[in-house]
Amino acid sequence: QKEVEQDPGPLSVPEGAIVSLNCTYSNSAFQYFMWYRQYSRKGPELLMYTYSSGNKEDGRFTAQVDKSSKYISLFIRDSQPSDSATYLCAMSAQSNTGKLIFGQGTTLQVKP
Amino acid sequence: DTGVSQDPRHKITKRGQNVTFRCDPISEHNRLYWYRQTLGQGPEFLTYFQNEAQLEKSRLLSDRFSAERPKGSFSTLEIQRTEQGDSAMYLCASSLGPTEGPQHFGDGTRLSIL
């Protein structure tokens, strides 16, 4: 079983919809949680970076971490066609000094 | 604003050949990481450096792989005697010191083995 599980999708939504992306993990030592966006043939681009449990909001993006359930989420409000990409969750047991463990990535398509 | 730079963007080579990739991290970033990503999967950690010191290596990094960061700035990743299974995207990331900031990625080098 993988340390980080993420549904690969694809997930298809109409423009303007609220998108919910999720990851579960098994290692209770994970403390740092990230969401990256990756367009085709490009590197991962950092969207959100959170420590421990709680919520963090940045524009249309909200990240939630529930360490008791070992579950993290990314919400995208008012989704746009330009949000169509693969979304990767990543986490680390140490501060960002250590290796990141990634989920498989969820492919999102936002239709105009 | 100069991000993480990787060269080349795409490398095509025959099986058995040696290849070398270069990564230039964000300036003043002390930490440099290498990951490998295959189609439909998330990146997998290979190794990382704190300045010029290589601090951790994954078991994915076989004896055919070697990474260096000689002056604590740019890094190279060499694969000797390439195999079909080495075909992947090789990603480089960098970050500030131990407690500051997440990892930022370059656009990777895509390796294709003929």
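Everything below is about the structure shown above.
Since the structure is predicted, the reported quantities are computational estimates derived from the model, not experimental observations.

S.K.: Requested: an account of the sheet that holds strand β3 (residues 19-24) of chain B, with residues and values cited.
M.R.: All names here are of chain B. Taken in spatial order, the four strands make up an open sheet running β1-β3-β8-β7, and their pairing is antiparallel. Sheet topology places β1 (5-7) and β7 (65-68) at the edges, where each strand pairs with a single neighbour. In this sheet, adjacent strand axes meet at a mean angle of 15 degrees when their direction is disregarded. Note that β1 and β3 share three bridges and pair antiparallel. By the bridge assignment, Ser5 is partnered in β3 with Asp24.

S.K.: Summarise the environment of Thr86 of chain A; cite the residues concerned and give the values.
M.R.: Residue and element names in this part refer to chain A. Secondary-structure assignment places Thr86 in strand β9 (residues 85-92). Accessibility expressed as a relative area gives 22% for Thr86, which makes it partly exposed. Residues Thr86 and Tyr36, spaced 50 residues apart in sequence, show a C-alpha to C-alpha distance of 8.4 Å.

S.K.: For the nonpolar core, give the residues involved together with the corresponding values.
M.R.: Ranked by internal contacts, the top residues of the largest apolar core, which has 25 residues, are Val4, Trp35, Ile72, Leu74, Ile76, Tyr87 and Met91 of chain A. Looking at this core, the elements with two or more residues in it are β3 (19-25), β4 (32-38), β5 (45-51), β7 (61-66), β8 (71-76), β9 and β11 (106-111) of chain A. When neighbours within four sequence positions are excluded, Val4 of chain A is seen to be in contact with Cys23, Thr24, Tyr25, Phe30, Cys89, Met91, Ile101, Phe102 and Gly103 of chain A. Core analysis: the next-biggest nonpolar cluster, separate from the first, contains 19 residues, Trp34, Leu46, Ala67 and Tyr90 of chain B among them.

S.K.: Which residues make up the interface of chain B and chain A, and what values do they have?
M.R.: Interface size, as often reported, equals the accessible area lost upon joining of the parts. If you look at the interface, chain B gives 28 residues, while chain A gives 20 residues. Summing both partners gives a buried area of about 1,800 Å² for chain B against chain A, and 49% of it is carried by carbon and sulfur. The three residues of chain B that bury the most area against chain A are Pro102, Gln103 and Phe105 of chain B, which together make up 24% of that side's buried surface. The interface formed by chain B and chain A holds two salt bridges in total. Close ionic contact of Glu56 of chain B with Lys99 of chain A constitutes a salt bridge, the shortest N to O distance being 3.7 Å.

S.K.: How would you explain the packing of aromatic side chains if you had to name every residue and give the values?
M.R.: The tally for this structure, following the rule as stated, stands at 15 aromatic pairs over all chains. An angle of 20 degrees between the planes, with centres 6.1 Å apart, marks the rings of Tyr32 of chain A and Tyr49 of chain A as stacked. Here Tyr32 of chain A is found in strand β4, whereas its partner Tyr49 of chain A is found in strand β5, with 17 residues between them in sequence. On the basis of an interplanar angle of 75 degrees and a centroid distance of 5.9 Å, the ring pair of Tyr35 of chain B and Phe45 of chain B is categorised as edge-to-face. A residue pair is termed long-range when its members are at least 10 positions apart, and Tyr35 of chain B in strand β4 (residues 31-37) and Phe45 of chain B in strand β5 (residues 44-50) qualify at 10 residues. Each of the two residues, Tyr35 of chain B as well as Phe45 of chain B, counts as buried. Put simply, the rings of Tyr36 and Phe102 of chain A together with Tyr33, Tyr35, Phe45, Tyr48 and Phe105 of chain B pair up and form one aromatic cluster. Sitting over the ring of Phe74 of chain B, Arg22 of chain B keeps its end group 3.9 Å from the ring centre.

About the thresholds
- Residues numbered from 1 in each chain as written.
- Chains lettered and ligands numbered in written order.
- Predicted model: local features only at pLDDT ≥ 70, side-chain atom pairs only at ≥ 80, totals over all residues.
- Heavy atoms only, no water.
- Pairing = 2+ DSSP bridges.
- Helix = DSSP H or I, 4+ residues; strand = E, 2+ residues; numbered from the N terminus.
- Axes fitted to C-alpha atoms, helices over the stretch in contact; angles between N-to-C directions.
- Buried < 20%, exposed > 50% of the residue type's maximum accessible area, 1.4 Å probe, protein only.
- Core = buried A, V, L, I, M, F, W, Y, C linked by side-chain atoms within 4.5 Å.
- Contact = heavy atoms within 4.5 Å.
- Buried area = accessible area lost by both parts, 1.4 Å probe.
- Salt bridge = Lys/Arg side-chain N within 4 Å of Asp/Glu carboxyl O.
- Phe/Tyr/Trp six-rings, centres within 6.5 Å; stacked < 30°, edge-to-face > 60°.
- Lys NZ or Arg CZ within 6 Å of the ring centre and 35° of its normal.

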